[in-house]
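Here are the chains, one letter per residue:
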Amino acid sequence: MSDNEALQNELNKHEYAAGFVTDIEQETLAPGLDVSVIRHISNIKREPEWLLNWRLQAFEHWQTMIEPHWPKVDYPAIDYQAISYYSAPKDNSDGPKTLADVDPELLRTYEKLGIPLREQEMLAGVKEIAVDAVFDSVSVATTFKSKLKKAGVIFCPFSEAVQEYPELIQQYLGTVVPASDNFYAALNAAVFTDGSFVFIPKGVRCPMELSTYFRINAANTGQFERTLIIAEEGATVSYLEGCTAPMRDENQLHAAVVELIALDDAYIKYSTVQNWYPGDENGVGGIYNFVTKRGECRGKRARISWTQVETGSAITWKYPSCVLLGDESVGEFYSVAVTSHCQQADTGTKMIHIGKNTRSTIISKGISAGRSQQSYRGLVRIEAQAEGARNHSQCDSLLLGDRCGAHTFPYIEVKNPTAILEHEASTSRIGEDQLFYCQQRGLSEEDATSTIVNGFCKDVFDVLPMEFAVEANRLMELSLEGAVG
Amino acid sequence: MVDTMQTWRDAAMATFRAVGLPHDRQEAWKYTDVSAIHQRMGADWRKENAPAAAPFLPEFYPKIDGLDAYTIIFFQGRIHVLGLALPAGVDLVPWSTMDQTTACEDLPKVQPDAPLFHAFDALNAGLMDDGVCLRVAAGVLLDKPLYILHLHDDTAHSHVRHRVHLGESSKASIIHHDVALTGEHARLRTSHYHCYLETASTLDHTRVQEFAANDWHFGRLHVEQQQASHFDAHAAELGGEKIRMDICVQLQQASAYCAVHGLFLLHDAQHVDHHIHINHYAPDCSSRQVYRSVLADHSHGVFNGKVHVHRHASGTDAEQHSDNLLLSKNAEIDTKPELEIDHDNVTCSHGATVGQLNADHLFYLRSRGLSEAMSRDILVFAFADALLAVLPDRHIRRYIESIAFNKIPHGTDLLGLLAK
Amino acid sequence: MLKIENLCASVAGKKILRGVNLHVKAGEVHAIMGPNGAGKSTLSNVLAGRDAYTVTTGTVLFHGQDLLAMKPEERAWAGVFLAFQYPVEIPGVNNTYLLKAALNAKRKHQGLSQLDAFDFLKMVKEKAKLVDMDESFLSRSVNEGFSGGEKKRNEIFQMAVLEPTLALLDETDSGLDIDALRVVAGGVNQFRSADRAIVMITHYQRLLDYIVPDVVHVFSDGRILKSGDRHLAMELEKRGYDWVKEEATHG
């Protein structure tokens, strides 16, 4: 290996800071998927009969389904029998504990990732964030639970919610994304292991940001978590999701389901910074991220907002959606997706207008670099009964380099004559005159590019929660490093 | 070994059977359901037609005031009136008058690998009634448009297959006009154009469609363009029950330009679906797709326009516009302007709108004393007319306008108001 | 400060500059005048380092350094500023942000600390007053939706903030009405000092009434045909350019 190559390798490694492995004793199920695995998971979680049956039904249905291949992504067949469906740090299988009981090695892991788990260590002046830390198949810690409880907010691991609030789970689980919704949602329903549960009761404004941090650690395991967020009448919550995984040469599957339910006048803001390991510069390794995220505005004037910055995962297949049932409800989707090297992303949103005077906004900014392929796929549907619906969509793509691809597939279906809808999209590269202008003003080519890319993404960055904006910027810079020139 | 026409047809029908009818689980047929074809078209729609009966009387022919063109007439897909004195260098021969060997060589091939290919194109080849082979020699400029009138009635299905070849720096303008008398029987119509544009040639292709209220139509326009050639397509979809057009433009050499325009004026339960696929293979080509639809009653419009910029197509400039007005609670529009881009040096954009009329405009007209209903009609008309204004032939424009007016409640009042 | 010797440059194989010689000393203001298509804008673009232009021969020394060997941003750090004839719009990029990033990049290059956000904003607001620019322009995207005159004003404002030592003003007066011209010229005059130089390219003598030059050059067919003091500009205004060309060919 020449010095140059060694240096390049070193640089490539530095690009993904979250790529380390935590050395910890884990209990991991042998690879394979059958009814006994599902029973085993359900048993570990001490689940009620109905939930086990729900899983088994989902599994039965999943076996009749075909893996979808309509997204514009390309990957070798996944062997679902070669994946382990449960892996947890030892001693954590007995359910939640206090922070003092958490393995110090795990605490160090989250420290390294910059996730604050020790409540008392939050710096004065910094806004408090409650964190649910999900490590492979289980939640290992949830902070600020008692403080939140005082406000009436439930924020806990999904498995804990099944024990503590079974009636809420039974009422809402699978009502937005049914177990039979699609191939990966069905798989998730059969084998999901943990996730976060959030319940904001009527009239409550959640006193702090809630966040879940997903970490895949064990090799050859899939992560299948489920998040359920319910905001009752007039409730408000801002929720953040982060995710990382070690660097490995094998691909790992992540098939999550997120369900959001907003009742009258409720507001759920769901923000994601997706930083799964994207694979190396030759497309080796990385996470397959096949995720179903959907929110229902069930009440009048309910509002659901998806905000996401995505730099990670080898393959992304994800369409956070809003079903606007309530009159005057609002759906929003703000997304920045960056792909480089050999990443593939087929992502977008769906806005289904059913209630009267519903409104939706889509702003999607895609940046493709290297040899990556990125597609925006979106659906705006105005049903016949959706009087007075409004939609505005803006989907822009920026190409960096001549070996990448950027594709746009917007579906617009309108069945009501009072609808007003505008969709605009553009695809281009950075203008030479823009680059030159910035360089003339003294920015290096790389700084100029990142400045222009930032400007390109401004509409989305403006709506990111403060806590995420800095992180998002840093990630963007990292993932575009070396993409210029 | 030279193919005879029958083996040519048999091969096409074999392809038709092998491909199978499109179904709604195919992406390109998501919004257009043809499963009722057997029920609607009767048992014989896959069979060759018997020789055509005598055509209907000339008083039912469409009258396009002022049109000065070389006219040829087809009836039920077969050449009926030819007898043209075309300028030197312009060669127009119906397949039915050629010897079989030549016809088999020159007929547009069935290309299962071509974008947007489907079974009905193979069916068109297999059951073809007739069509023409038009060749314009290098440097020849056709002085008047070629007006190809296709007359149909409900006695038979009809299938036409045309070929157009423009030599270097030549120029031609084609007006394809379908008129069908509505009768008791629903009929299947298919059409195919294969156009080849040599370097720096120019082709205008205008298609005015007035099929019978119960006709189905599957049409295909396949265009291959060489360097700096210029292609303009216009379509006015006025009649028919279920209409599907597939337009494929291959920009094979540098600096070619194409523009595909479409206007849907639909009512009752009409269904019109245009799929467009423009491939940019070479540098510095431009393409435009400009579509507008006005949908009344239970009508359903579908626009699916794709621009695919391939690896070597630097300097591509592509635009797509789809603007739509729904006039009724039961009308539906599905629009999907797609971009697939594999080169970074491009300027591509698309826009789609579905919406009501501009409130400021409406107010302005009403403040001048027009009723609200009439003001709306004027604005609807103005919306549609933006596409008619770019038609190359003004007589055709006036003709379509008069039909369009008849579809609007205050149409006759409007005619007086807007006539120029 | 600036020494241009026998500079020849071409764009897309077409020769535009055919041996330009120009010496500019600190404190001086030079006006370059000449007919359309003479290569005046090419000269300013070549000096600023635009890619599309190929320098075939000649040298350009700026404070003794080889300007042509430097990247555009390095030239900016060194103190070269080009007020563009057609400033581009950059959607989403905040005007003030661009300036701050530009200024800090230059300071970093000079080994200075980054400017404090508060101080920077204070300075920017003062400079905005110089060119009578509304503060609302500071928070808008670069030139996006600006009128022609606003764009030009923004250019001079940027110059005032970045404080270059050599300002190249490429037809900064074109598209300005008389009031705007006065404001812009006022900004330029305030910028004048013993350690700075200005090279302005213009069609019109009008600008020179407001910004009085030390030297006037007649630029035609890719080179300087004649130089003189400001009276030369007045003579050009009266007699046009043709006599200069004739003088150059016959004399």
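Let me sum up the structure you'll find in this document. The shown structure was predicted, so the numbers you read here are calculated from the model rather than taken from an experiment.

Let us look at the overall build of chain A. Scanning chain A from N- to C-terminus turns up 12 helices and 24 strands. Compactness check: chain A gives a C-alpha radius of gyration of 22 Å against a globular reference of 23 Å for 485 residues, within 12% of the reference. If one aligns the C-alpha atoms of chain A with their principal axes, the spans along those axes are about 65 × 65 × 55 Å. For chain A, buried positions account for 64% of its 485 residues.

Between all two pairs of chains that are in contact, chains A and B come out with the most contacts. The smallest C-alpha distance separating chain B from chain C is 16 Å, and no contact links them.

Our next topic: the sheet that holds strand β2 (residues 14-24) of chain C. All names here are of chain C. With antiparallel pairing, four strands are arranged side by side in an open sheet as β2-β1-β4-β5. Taken across any chain shown, the strands that pair with only one partner, and hence form the sheet edges, are β2 and β5 (65-66). In the sheet, strand β4 (residues 53-62) pairs with β5 via two bridges, with the strands oriented antiparallel. When the sheet's bridge partners are listed, F62 is paired in β5 with Q65. Packed onto the sheet, helix α1 (residues 40-48) meets β1 (2-11), β2 and β4 and runs at close to 110° relative to β1.

Turning our attention to a positive patch on the surface. Residues and elements named next belong to chain C. A grouping of K14, K15, R18 and R223 is seen on the molecular surface, where their side chains present a positively charged patch. In terms of residue count, the dominant contributor to the positive patch is β2 (three residues). Looking at where R223 falls in the secondary structure, it is placed in strand β12 (residues 223-228).

In a soluble, globular protein the nonpolar side chains are often hidden away together inside. Membership of the largest hydrophobic core comes to 154 residues, with the highest contact counts inside it found for A:Y80, A:Y85, A:F197 and A:I367. The element contributing the most residues to this core is helix α8 (residues 183-191) of chain A, with eight residues. Ignoring any residue separated from it by four or fewer positions in sequence, one finds A:Y85 in contact with A:G32, A:L33, A:V37, A:I41, A:Y80, A:S137, A:L187, A:V191, A:T193 and A:F224. If you look at the next biggest cluster of nonpolar residues, it comprises 93 residues, including A:F144, A:L260, B:L203 and B:M245.

Bringing the pairing of strand β22 (residues 390-400) of chain A into the picture now. All names here are of chain A. Burial runs high along β22: nine of the 11 residues are buried. Note that strand β20 (residues 359-369) and β22 share 11 bridges and pair parallel. Bridge assignment links A369 to a residue of β22, and that residue is L400. Pairing analysis gives 10 bridges linking β22 to strand β24 (residues 420-429), with the strands arranged parallel. Bridge pairing in β24 places N391 opposite L421.

Before going further, it helps to spend a moment on the interface of chain B and chain A. Each partner contributes residues to the interface: chain B has 34 residues there, and chain A has 34 residues. When chain B packs against chain A, close to 2,700 Å² is buried across both sides, 48% of that on carbon and sulfur atoms. Contact with chain A buries area across many residues of chain B, yet B:D344, B:V354 and B:Q356 alone supply 21% of it, more than any other trio. Where chain B meets chain A, there are three salt bridges. The salt bridge partner of A:K72 is B:E340, with a shortest N-O separation of 2.7 Å. Across the contact surface, chain B and chain A share 18 residue pairs in polar contact (both at pLDDT 80 or more).

Attention now moves to the pairing of strand β7 (residues 171-180) of chain B. Residue and element names in this part refer to chain B. Of all 10 residues in β7, nine are buried, a share of seventy percent or more. Direction of pairing for strand β5 (residues 146-152) relative to β7: parallel, over a ladder of seven bridges. The residue bridging L149 from the neighbouring strand is H177, located in β7. Where β7 meets strand β9 (residues 202-210), nine bridges bridge the pair, whose relative direction is parallel.

Turning our attention to the pattern of salt bridges. Counting across every chain of the model gives 49 salt bridges over all chains. A salt bridge links A:D265 to A:R301, with the shortest nitrogen-to-oxygen separation between them at 2.7 Å. On the criterion of sequence distance, the pair formed by A:D265 in the loop between β11 (257-262) and β12 (267-274) and A:R301 in the loop between β13 (286-297) and β14 (303-310) is long-range, its members being 36 residues apart. In this structure A:D265 comes out as partly exposed when scored by relative accessible area, which is 38%. As a salt-bridge pair, B:D317 and B:R288 come within 3.1 Å of each other at their nearest N and O atoms. Of this pair, B:D317 sits in strand β17 (residues 316-326) while B:R288 sits in strand β15 (residues 286-295), placing them 29 residues apart in sequence. On the basis of relative accessibility, which here comes to 17%, the residue B:R288 falls in the buried class. Among the charged side chains, a network of salt bridges with common partners joins A:K72, B:E27, B:K306, B:K336, B:E338 and B:E340.

The rules behind the values
Residues numbered from 1 in each chain as written. Chains lettered and ligands numbered in written order. Predicted model: local features only at pLDDT ≥ 70, side-chain atom pairs only at ≥ 80, totals over all residues. Heavy atoms only, no water. Helix = DSSP H or I, 4+ residues; strand = E, 2+ residues; numbered from the N terminus. Rg over C-alpha atoms; globule rule 2.2 N^0.38 Å. Buried < 20%, exposed > 50% of the residue type's maximum accessible area, 1.4 Å probe, protein only. Contact = heavy atoms within 4.5 Å. Pairing = 2+ DSSP bridges. Axes fitted to C-alpha atoms, helices over the stretch in contact; angles between N-to-C directions. Patch = residues over 30% accessible without salt bridge, like charges linked within 9 Å, V, L, I, M, F, W, Y side chains within 5 Å. Areas by Shrake-Rupley, 256 points an atom, 1.4 Å probe, with all protein chains shown as cover. Salt bridge = Lys/Arg side-chain N within 4 Å of Asp/Glu carboxyl O. Lys, Arg positive; Asp, Glu negative; His and termini not counted. Charge placed at Lys NZ, Arg CZ, Asp CG, Glu CD. Core = buried A, V, L, I, M, F, W, Y, C linked by side-chain atoms within 4.5 Å. Buried area = accessible area lost by both parts, 1.4 Å probe. Polar contact = N/O pair within 3.5 Å; in protein donor to acceptor, adjacent residues only side chain to side chain.

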